[in-house]
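Okay, here's what each chain looks like letter by letter:
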Amino acid sequence: MINVTKPFLPPIEEYEQYLKGIWSRGWLTNNGPLVNELEIEIKEYLNLDHFLYLGNGTIALQIAIKALELKGEIITTPFSYIATTSTIVWEGCTPVFADIDPVTLNIDPTKIEAAITDKTSAIIATHVYGNPCDIDAIGAIAKKHNLKVVYDGAHCFGTKYKGKSVFGYGDVTTASFHATKLFHTTEGGGVFTSDPELLKKMAFMRNFGHNGPERFDGVGINGKNSEFHAAMGLVNLKWADRILAARKAQSERYDLKLSGLKVTRMKYDPKEFNYSYYPIIFETEAKMHLAVETLNADWVYPRRYFCPSLNNIDYVSSGPMPVSEDISRRIICLPLYYDLTNEEIDFVCRLLLRAQNN
């Protein structure tokens, strides 16, 4: 069986070394020494100043919205994982969709301005598949209309924008370190910001608002993560460069072997992309279904990611988003993970070409 992804697991003895320390200290959670060490090492690896490690990528979005005190309408993309939209709704705001660029698959900056009203407080944009949004254009729109910008960077570990980690842009950028991500801590996430006061505010928020044992600084939530998860992150961070290199090589092999397949790829800058996913867009929805059926028949399981377009979920009110809806009907992500072999990639490619020729 070849699944769309497979969590990276480091050599178990590397993880066990950290477990021994956890056992000897008896400090399992509540922002322990490994959590602090992971925060420092991630900042050093990415060359960024401010980062908070959290329980997951969804709580990261929730804390970002709370910390920025966002209200009313938030402009966002219909082409993302559902957490991007559901978090906006969960926090009492209204998602307003702007359609996507058919080439980059990110929110189309030319569609954002038309969606702005006197109720708009922010833009939440997803760097889809780790492909950076047009950060300069979004920033210019936000500055013109006095809006906050949050980037959902769930797919973005290792991605850069103009030579700098993509996590370093916006008022806040959120991260996911879920087990399926390129870099993971089993479960986990985080927030990045260039504003030290905002970071301090979010630090209180992740720990129930505690500002000392008997003092509270605003409304908080349990957004912390454990020493066990931080240990996994510390081990996996040592492998990050090798993981990034492997995914790039695997993606380049797909490019070579699928050169005869009638599909399109999103536009990205190979010098700054992290190769976190390998999406392909078929000419028609029928051809996509045929390809998936052919793959499944031989125990290969790609994923229709993202589907459906989020403007069509039942708890939001939105007009049509023709580009996002069209792409969501025709796109799949092919298997991509650290120890995927060349033979397995070649097998997947042969099946796809067979489906096309049937």
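For the structure itself, look to the data block above.
Basis of the calculations
- Residues numbered from 1 in each chain as written.
- Predicted model: local features only at pLDDT ≥ 70, side-chain atom pairs only at ≥ 80, totals over all residues.
- Heavy atoms only, no water.
- Helix = DSSP H or I, 4+ residues; strand = E, 2+ residues; numbered from the N terminus.
- Rg over C-alpha atoms; globule rule 2.2 N^0.38 Å.
- Buried < 20%, exposed > 50% of the residue type's maximum accessible area, 1.4 Å probe, protein only.
- Contact = heavy atoms within 4.5 Å.
- Areas by Shrake-Rupley, 256 points an atom, 1.4 Å probe, with all protein chains shown as cover.
- Lys, Arg positive; Asp, Glu negative; His and termini not counted.
- Charge placed at Lys NZ, Arg CZ, Asp CG, Glu CD.
- Right-handed = clockwise from strand over helix to strand, strands pointing away.
- Pairing = 2+ DSSP bridges.
- Axes fitted to C-alpha atoms, helices over the stretch in contact; angles between N-to-C directions.
- Salt bridge = Lys/Arg side-chain N within 4 Å of Asp/Glu carboxyl O.
- Patch = residues over 30% accessible without salt bridge, like charges linked within 9 Å, V, L, I, M, F, W, Y side chains within 5 Å.
- Core = buried A, V, L, I, M, F, W, Y, C linked by side-chain atoms within 4.5 Å.
- Phe/Tyr/Trp six-rings, centres within 6.5 Å; stacked < 30°, edge-to-face > 60°.
- Parallel < 35°, antiparallel > 145°, perpendicular 65-115°, else oblique.
- Left-handed = near helix turned anticlockwise from the far one by under 90°.
- Nonpolar A, V, L, I, M, F, W, Y, C, P; charged D, E, K, R; others polar.

(A) Structural context of the overall build of the protein. Scanning the protein from N- to C-terminus turns up twelve helices and 14 strands. Its C-alpha atoms give the protein a radius of gyration of 21 Å, within 12% of the compact-globule value 21 Å for 358 residues. Counting only C-alpha atoms, the protein reaches 70 × 55 × 35 Å along its principal axes. By the burial criterion, 54% of the 358 residues in the protein qualify as buried. The long-range share in the protein, meaning contacts at least 24 apart out of those at least 6 apart in sequence, stands at 70%. Taken as a whole, the protein presents about 15,900 Å² of accessible surface, with 53% of it coming from carbon and sulfur. Averaging the coordinates of the 37 positive side-chain charges in the protein and doing the same for the 42 negative ones gives two points 2 Å apart.

(B) Here's a closer look at the pairing of strand S3 (residues 73–76). Both faces of S3 are covered, namely the face carrying Glu 73 and Ile 75 and the face carrying Ile 74 and Thr 76. After leaving S3, the chain enters helix H4 (residues 82–90) and then returns to the sheet as strand S4 (residues 94–97), a path that is right-handed.

(C) Expanded view of the pairing of strand S10 (residues 189–192). Across the two faces of S10 the burial is the same, with Gly 189 and Val 191 and Gly 190 and Phe 192 all buried. Here four bridges tie strand S2 (residues 51–54) to S10, and the two strands are oriented antiparallel to one another. Considered in S10, the bridge of Tyr 53 is made with Gly 190. As defined by bridge partners, strand S9 (residues 172–176) adjoins S10 across four bridges and the pair is classed as antiparallel. Residue pairing across strands places Thr 174 opposite Val 191, the latter belonging to S10.

(D) Seen up close, the sheet that holds S4. Taken together, the seven strands give an open sheet; going across it, the order is S2-S10-S9-S6-S5-S3-S4, and neighbouring strands pair in mixed fashion. The open sheet terminates on both sides in strands that have one partner only, identified here as S2 and S4. Recorded for the sheet is a direction-independent mean angle of 25° between the axes of neighbouring strands. In this structure, strand S5 (residues 120–126) lies alongside strand S6 (residues 148–152), joined through five bridges in parallel fashion. Bridging across to S6, Ile 123 finds its partner in Val 149. The strands touched by helix H7 (residues 196–205) within the sheet are S2, S9 and S10, with S2 carrying the most contacts at an inclination of about 20°.

(E) View of the pattern of salt bridges. Throughout the structure, instances matching the rule amount to 14 salt bridges. For the salt bridge of Glu 91 with Lys 66, the shortest nitrogen-to-oxygen distance reads 3.5 Å. Placement of the pair is Glu 91 in the loop between H4 and S4 and Lys 66 in helix H3 (residues 57–67), with a sequence separation of 25 residues. Judged by its relative accessible area of 48%, Lys 66 falls in the partly exposed class. Measuring nitrogen to oxygen at the nearest pair gives 2.3 Å for the salt bridge that ties Asp 136 to Lys 162. Taken as a pair, Asp 136 in helix H6 (residues 135–145) and Lys 162 in the loop between strand S7 (160–161) and strand S8 (164–165) lie far apart in primary sequence, 26 residues in all. For Lys 162, a relative accessible area of 59% puts it in the exposed group.

(F) Region of interest: a nonpolar patch on the surface. On the surface, Tyr 81, Ile 82, Val 89 and Tyr 315 cluster together into a nonpolar patch covering about 330 Å² of accessible area. Positionally, Ile 82 belongs in helix H4. The exposure class assigned to Ile 82 is partly exposed, which follows from its relative accessible area of 31%.

(G) Seen up close, the nonpolar core. Counting 51 residues, the largest nonpolar core has Ile 42, Ile 75, Ile 112, Ile 123, Ile 138 and Phe 157 as its most contacted members. The greatest single-element share of this core, amounting to six residues, is contributed by helix H8 (residues 227–238). With residues near it in sequence (within four places) discarded, Phe 157 still touches Tyr 45, Leu 46, Phe 167, Phe 177, Leu 182, Phe 183, Leu 237, Ala 240, Leu 244 and Asn 274.

(H) View of the packing of aromatic side chains. Evaluated as defined, the whole model comprises 25 aromatic pairs. Considering the side-chain rings of Tyr 161 and Tyr 169, the 5.3 Å spacing of their centres and the 85° angle between planes classify their relative orientation as edge-to-face. On the accessibility criterion, Tyr 161 (11% relative accessible area) is buried. According to the relative accessible area criterion, Tyr 169 is buried, its value standing at 17%.

(I) Representation of the packing of helix H2 (residues 33–46) against H8 in the model. Look at H2 against H8: their axes get within 8 Å of each other, and the N-to-C directions meet at 30°. For the element pair H2 / H8, the angle class is roughly parallel. As for the relative orientation of H2 and H8, their crossing is left-handed in sense. Between H2 and H8, the contacting residues are Pro 33, Leu 34, Val 35, Glu 37, Leu 38, Glu 41, Ile 42 and Tyr 45 on the first element and Glu 227, Ala 230, Ala 231, Gly 233, Leu 234 and Leu 237 on the second. When its residues are assigned to classes, the contact of H2 with H8 shows ten nonpolar, one polar and three charged.

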